[in-house]
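# Observations on chain architecture
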Amino acid sequence: MILKNITIGLIILGIVFILLGLILKRKKIKYIGITIFAVIIVFWIGFYIWAIYDASTEYERRFGNETTNNDYKVESNEEDKTDKPINEEILKNGAITKIENNNIYYKDRNDNENVIKNADEIGYIDARTAEIYSFDSIKVGYYIDKDNEQSYKIFKNVLGEDLKKELLISLSLPDNVNMMRTQIEGIKEVEQLGNNEAIVTFIISDIISSEYYPDINDEEHKFEVKLKVTNDTKYNTRFHDNITYNAETIEEARSFMIYIRLDENTLNNEYPEITTFDAYSN
């Protein structure tokens, strides 16, 4: 909104200089107006190039890179030697059905059972909380997703308040944790508190769904959560002149894709606090 107002002001100023130059027949005055218009054009071209690049890097940060996960990275195209299908097709994710003889057996969405052989170079990480797992701490009933040849994502099979807590932890993870975050499905309600503060009721949902894990009930993996924006919350709205820039304009982001970051030190508060509120046009 501030950039929009400044731009309008500069356009008016440029028009004034051009008209004055024409009326007074002073080329220097007219050229000042033309220069103002040139600066506006160059600025907005540069701004949109930056915005597109920044949105792309933000998307990668939010949704993760399939070849990396925290400290684990692989750049190999070699055929997978750790997965051995019992049936014909191998899918990279499923529900763990058995753990024995240093192997993890999991059933994929096509009801095929596959096996992963544990190895020292393989890392296991909780895809909601970024907790690092040892092989011995993985349990039957958990869900697994082969991120790459050396990194496996683990999802605990939890529901209710335990699952909600993990989803809020996901929203508080720092930028250097390169994985998908809890999905913000939308804003349900905004309660203004004054002093640039508000309680916002969001609909959030789990990172995994019945699309890839058929035994999951998606409704049981969806929650209403009340979170607080404060005077310290930073706002960022892409391509729309910062239409959401404080607590009073939160409502304007209802139709946008929303990403938030929570203050990990407030997760146990009645209303965990939002440090960053980002909204992107669909």
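Residues numbered from 1 in each chain as written. Predicted model: local features only at pLDDT ≥ 70, side-chain atom pairs only at ≥ 80, totals over all residues. Heavy atoms only, no water.

## Observations regarding the pattern of salt bridges
Evaluation of the coordinates by the stated rule reveals 12 salt bridges. Residue Glu 219 pairs with Lys 222 through a salt bridge whose shortest N-O separation is 3.6 Å. Taking relative accessible area as the criterion, Lys 222 reaches 29% and is therefore assigned partly exposed. (Salt bridge = Lys/Arg side-chain N within 4 Å of Asp/Glu carboxyl O. Buried < 20%, exposed > 50% of the residue type's maximum accessible area, 1.4 Å probe, protein only.)

## Here we look at the side chain of Thr 233
Position of Thr 233 among the secondary structure elements: in strand E13 (residues 222-237). Looking at Thr 233, its side chain comes within polar contact range of the main-chain nitrogen of Thr 230, at 2.9 Å. Within the local environment of Thr 233, its side chain forms a polar contact with the backbone oxygen of Ile 274, the two atoms lying 2.7 Å apart. Ignoring anything within four residues of it in the chain, the contact list for Thr 233 reads Ile 274, Thr 275, Thr 276 and Phe 277. (Helix = DSSP H or I, 4+ residues; strand = E, 2+ residues; numbered from the N terminus. Polar contact = N/O pair within 3.5 Å; in protein donor to acceptor, adjacent residues only side chain to side chain. Contact = heavy atoms within 4.5 Å.)

## Examining the nonpolar core
Within the largest apolar cluster, 27 residues are counted, with the highest numbers of intra-cluster contacts made by Phe 202, Ile 260 and Phe 277. Counting only elements with at least two residues in this core, the list comes to helix H3 (160-170), strand E11 (183-194), strand E12 (197-205), E13, strand E14 (257-262) and strand E15 (273-280). Among the elements that take part in this core, E13 stands out by supplying 5 residues, more than any other. Those residues in contact with Phe 202 that sit more than four places away from it in its chain are Ile 184, Gly 186, Ile 187, Phe 223, Glu 224, Val 225, Leu 227, Ile 258, Ile 260, Ile 274 and Phe 277. One finds Ile 104, Ala 119, Ile 122 and Tyr 142 within the second-largest nonpolar core, a separate group that totals 14 residues. (Core = buried A, V, L, I, M, F, W, Y, C linked by side-chain atoms within 4.5 Å.)

## Concerning the confidence of the model for the chain
Chain-level pLDDT for the chain is 82 on average; 78% of the residues reach the 70-or-more range. In this model residues 65-88 is a low-confidence stretch, pLDDT under 50, and it forms 56 contacts with partners more than four residues away in sequence or in other chains. (pLDDT = per-residue confidence, 0-100.)

## Things to note about unusual backbone geometry
Positioned with a positive phi, Asp 111 is a non-glycine residue whose angle comes to about 70°. Here Asp 111 lies in the loop between strand E5 (103-107) and strand E6 (113-117). By relative accessible area, Asp 111 is classed as exposed at 52%. Despite not being glycine, Asn 195 has its phi angle at roughly 55°, a positive value.

## Quick look at the packing of aromatic side chains
Evaluation of the coordinates by the stated rule reveals 8 aromatic pairs. Here Tyr 124 and Phe 135 contribute two aromatic rings whose centre-to-centre distance is 6.3 Å and whose plane-to-plane angle is 50°, an arrangement assigned as tilted. With Tyr 124 in strand E7 (residues 123-126) and Phe 135 in the loop between strand E8 (132-133) and strand E9 (143-148), this residue pair connects regions lying 11 residues apart in the sequence. Per residue, the accessibility class of Tyr 124 equals that of Phe 135, and both read buried. Grouping aromatic residues by their ring pairs yields a cluster made of Tyr 124, Phe 135 and Tyr 152. (Phe/Tyr/Trp six-rings, centres within 6.5 Å; stacked < 30°, edge-to-face > 60°.)

## Remarks on the side chain of Arg 128
With respect to the helices, strands and loops of the structure, Arg 128 is situated in the loop between E7 and E8. Under the relative-accessibility criterion, Arg 128 is labelled buried at 0%. Within the structure, Arg 128 has its side chain in polar contact with the backbone oxygen of Lys 156 (distance 3.0 Å).

## Details of a nonpolar patch on the surface
A cluster of nonpolar side chains, Ile 8, Ile 11, Ile 12, Ile 15, Val 16, Leu 19, Leu 20, Leu 22, Ile 23 and Leu 24, forms an exposed patch at the surface whose accessible area comes to about 880 Å². Relative to the helices and strands, Leu 20 is located in helix H1 (residues 2-24). (Patch = residues over 30% accessible without salt bridge, like charges linked within 9 Å, V, L, I, M, F, W, Y side chains within 5 Å. Areas by Shrake-Rupley, 256 points an atom, 1.4 Å probe, with all protein chains shown as cover.)

## Looking at the sheet that holds E15
Judged by pairing direction, the sheet is mixed, and its 5 strands sit side by side in the order E11-E12-E13-E15-E14 without closing on themselves. Each edge of the open sheet carries a strand with a single partner, namely E11 and E14. Ignoring which end each strand starts from, the neighbouring axes of this sheet average 45° apart. Direction of pairing for E11 relative to E12: antiparallel, over a ladder of 9 bridges. Directly across from Gln 183, in E12, lies its bridge partner Ser 205. The strands touched by H3 are E12, E13 and E14; relative to E13, the strand with the most contacts, the crossing angle is about 20°. (Pairing = 2+ DSSP bridges. Axes fitted to C-alpha atoms, helices over the stretch in contact; angles between N-to-C directions.)

## As for the pairing of E13
Taken together, the 8 bridges between E12 and E13 define a ladder with antiparallel strand orientation. Counterpart to Ser 205 in the pairing with E13 is Lys 222. Sheet topology places E13 next to E15; 6 bridges connect them, and they run parallel. From the neighbouring strand, Tyr 235 faces E15, where its bridge partner is Phe 277.

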